Amino acid sequence: MKSGPAFARPGSELAMIAALARAISRATGTNVEVETLKILMIFSGAGLLVSLVAAMIYGQAFNAALF
């Protein structure tokens, strides 16, 4: 059985990431690999999570200081 981004089942996460990588490659004219895009998405998600947690923790203290 063949595997990899080119042979991913339609609707799977790998197929969606591969389609996104192809769209970015066509739009920018550069070669974007699926693995690079997956790593970028993981770090972006982790950064967003840390930002949201910090906003929840420090946002309450900041609001109390204003009023």
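A quick note: this is a predicted structure, and the numbers were derived from the prediction, not measured.

Draft legend 1. Spotlight on helix α1 (residues 13–28). Taking 1.5 Å of rise per residue, 16 residues should cover 22 Å, and α1 covers 22 Å from first to last C-alpha, within 8% of that figure. All of the buried residues in α1 are Ala-15, Ile-17, Ala-18, Ala-21 and Ser-25. Angular distribution of buried residues about the axis of α1 spans 165°; they occupy a single face of the element. For α1, the exposed residues lying more than 90 degrees away from the buried face are Glu-13, Met-16, Arg-26 and Ala-27.

Draft legend 2. Expanded view of the nonpolar core. Judged by nonpolar contacts, Ile-17, Ala-18, Ala-21, Val-34 and Leu-37 together constitute the single largest core of five residues. Listing elements by their share of this core, those giving two or more residues are α1 and α2 (34–66). Here this core takes three residues from α1, the largest share from any one element. Not counting residues within four places of it along the chain, the set of residues in contact with Ala-21 comprises Val-32, Val-34 and Leu-37.

Draft legend 3. Focus on a nonpolar patch on the surface. On the surface, a nonpolar cluster with roughly 570 Å² of combined accessible area is contributed by Leu-49, Val-53, Met-56, Ile-57 and Tyr-58. Its location among the elements puts Ile-57 in helix α2. Overall, Ile-57 belongs to the exposed group, its relative accessible area being 51%.

Calculation rules
- Residues numbered from 1 in each chain as written.
- Predicted model: local features only at pLDDT ≥ 70, side-chain atom pairs only at ≥ 80, totals over all residues.
- Heavy atoms only, no water.
- Helix = DSSP H or I, 4+ residues; strand = E, 2+ residues; numbered from the N terminus.
- Expected span 1.5 Å × (residues − 1).
- Buried < 20%, exposed > 50% of the residue type's maximum accessible area, 1.4 Å probe, protein only.
- Arc of directions from axis to C-beta.
- Core = buried A, V, L, I, M, F, W, Y, C linked by side-chain atoms within 4.5 Å.
- Contact = heavy atoms within 4.5 Å.
- Patch = residues over 30% accessible without salt bridge, like charges linked within 9 Å, V, L, I, M, F, W, Y side chains within 5 Å.
- Areas by Shrake-Rupley, 256 points an atom, 1.4 Å probe, with all protein chains shown as cover.
- Salt bridge = Lys/Arg side-chain N within 4 Å of Asp/Glu carboxyl O.

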